[in-house]
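Observations on chain architecture
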Amino acid sequence: MFKYETHLHTSEVSACANASGAAQARFYKSKGYTGIIVTDHFFNGNSTIPHDLSWAEKVERFCAGYENARKCGEEIGIDVFFGWEYSYKGSDFLTYGLDKEWLMRNPVIMEMDVNSYCDYVRDNGGIIIHAHPFREASYISMIRLLPRKCDGVEIVNSNRTELENRMAAIYAENYGMLPFAGSDNHTAAQERLNGVSFESPITDMADFNDRIKNKKYRLF
Ligand SMILES: [Zn+2]
Ligand SMILES: [Zn+2]
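What this report covers is the structure whose coordinates are included nearby. (Residues numbered from 1 in each chain as written. Chains lettered and ligands numbered in written order. Predicted model: local features only at pLDDT ≥ 70, side-chain atom pairs only at ≥ 80, totals over all residues.)

A short note on the overall build of the chain
When helices and strands are counted, the chain shows seven helices and nine strands. Whereas a compact globule of 220 residues would reach a radius of gyration of roughly 17 Å, the chain reaches 16 Å, a difference of no more than 12%. A principal-axis box enclosing the C-alpha atoms of the chain has dimensions of 45 × 45 × 35 Å. Classification of the 220 residues of the chain by burial places 45% in the buried group. Expressed as a percentage of contacts within the chain between residues at least 6 apart in sequence, the contacts between residues at least 24 apart total 72%. (Helix = DSSP H or I, 4+ residues; strand = E, 2+ residues; numbered from the N terminus. Rg over C-alpha atoms; globule rule 2.2 N^0.38 Å. Buried ≥ 20, exposed ≤ 12 C-beta atoms within 10 Å, placed from the backbone. Contact = placed C-beta atoms within 7 Å.)

Observations concerning the sheet that holds strand β2 (residues 35-41)
Strands sit in the order β7-β6-β5-β4-β3-β2-β1-β8-β9 across an open sheet of nine strands; the sheet is mixed. Of all the strands in the sheet, the pair left with one neighbour each is β7 (178-182) and β9 (218-219). Direction of pairing for strand β6 (residues 152-157) relative to β7: parallel, over a ladder of five bridges. Bridge assignment links V156 to a residue of β7, and that residue is A181. Against the sheet, helix α3 (residues 64-76) touches β2 and β3 (79-88), its axis set at about 160 degrees to β3. Relative to the sheet, helix α6 (residues 162-175) contacts β6 and β7, its axis offset from that of β6 by approximately 155 degrees. (Pairing = 2+ DSSP bridges. Axes fitted to C-alpha atoms, helices over the stretch in contact; angles between N-to-C directions.)

Focus: α3
Helix length check: α3, at 13 residues, gives a terminal C-alpha distance of 18 Å against a target of 18 Å (1.5 Å per residue), a fit within 8%. Three or more residues of α3 are buried, namely G65, Y66, N68, A69, R70 and G73. In this structure, the buried side of α3 is in contact with α1 (21-30), β2 and β3. Positive backbone phi, at 90 degrees, marks G77, one or two positions downstream of α3. (Expected span 1.5 Å × (residues − 1).)

What to know about the nonpolar core
One recurring pattern in soluble globular proteins: nonpolar side chains tend to sit buried together. Within the largest apolar cluster, 54 residues are counted, with the highest numbers of intra-cluster contacts made by I36, V38, V80, I129 and V153. By residue number, the principal contributor to this core is β3, which donates five residues. Dropping the residues within four chain positions of it, V38 is found in contact with L8, T10, G21, G65, Y66, A69, V80, F82 and G83. (Core = buried A, V, L, I, M, F, W, Y, C linked by C-beta atoms within 7 Å.)

Quick look at unusual backbone geometry
Its identity is not glycine, yet K89 carries a phi of approximately 50 degrees, on the positive side. By the element assignment, K89 lies in the loop between β3 and β4 (91-96). In this structure, D184 is a non-glycine residue whose phi angle is positive, near 55 degrees. Along the chain, the position of D184 falls in the loop between β7 and β8 (196-198). Given 23 C-beta atoms within a 10 Å radius, D184 is considered buried.

With respect to the environment of V121
Locating V121 in the fold gives a position in helix α5 (residues 114-123). On a C-alpha basis, the gap between V121 and G65 in space is 22 Å, while along the polypeptide they are 56 residues apart. When near neighbours in sequence (up to four residues on either side) are disregarded, V121 contacts T95, L98, G126 and I128.

With respect to the packing of α1 against α3
Packing of α1 against α3 brings their axes to within 7 Å, and their N-to-C directions diverge by 40 degrees. Classified by the angle their axes make, α1 and α3 are oblique. Here α1 and α3 pass one another in a crossing that is right-handed. Residues G21, A22, Q24, A25, R26 and K29 of α1 form the contact with α3, whose participating residues are G65, Y66, N68, A69, C72, G73 and I76. (Parallel < 35°, antiparallel > 145°, perpendicular 65-115°, else oblique. Left-handed = near helix turned anticlockwise from the far one by under 90°.)

As structure tokens, then:
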């Protein structure tokens, strides 16, 4: 099986991360992974990107963690892909299958409410995975569920409690949502790692999304 990290952060873009994109690529290479998807906190999350820049400049800077990881990955032999973690009041939505050029063309997403954002992403070929939906924290006022707006649910997040993950699995199963797993790695030193694996390497994020939607993957 070929292993992939689906949820990780870089210090270039995520204010809460302390590992660079290159450090993340090296870490997962050392663990025998075939690939990683960089999912930094988006502009509405815990981001390092100043709000007063132009849209193009913000997108450019947002891609820096991914691009540094990818450059390193090309040198050491690990595939690096792009995604992001969109936030709404502490609820987080992993977004896969759309790229930098798509972001450049779509500043309109910042004017949408969270429901419209999910619809728009999916209409444009992306998929939405609700990250750690039962996470509890002081800055999250309530648990929000959007079962009709998401393709899947992170039922295993390495940094969440057994209760939070168990409730997410019950949620996903009862609503027929795709089960998903990721590490939410902010450090490139995390011991517990979870993700998805495939029988052959993925070629790009469109291939990734197809295999996820067709349930041709396993969780670990
Ligand atoms: Zn974070
Ligand atoms: Zn995250």
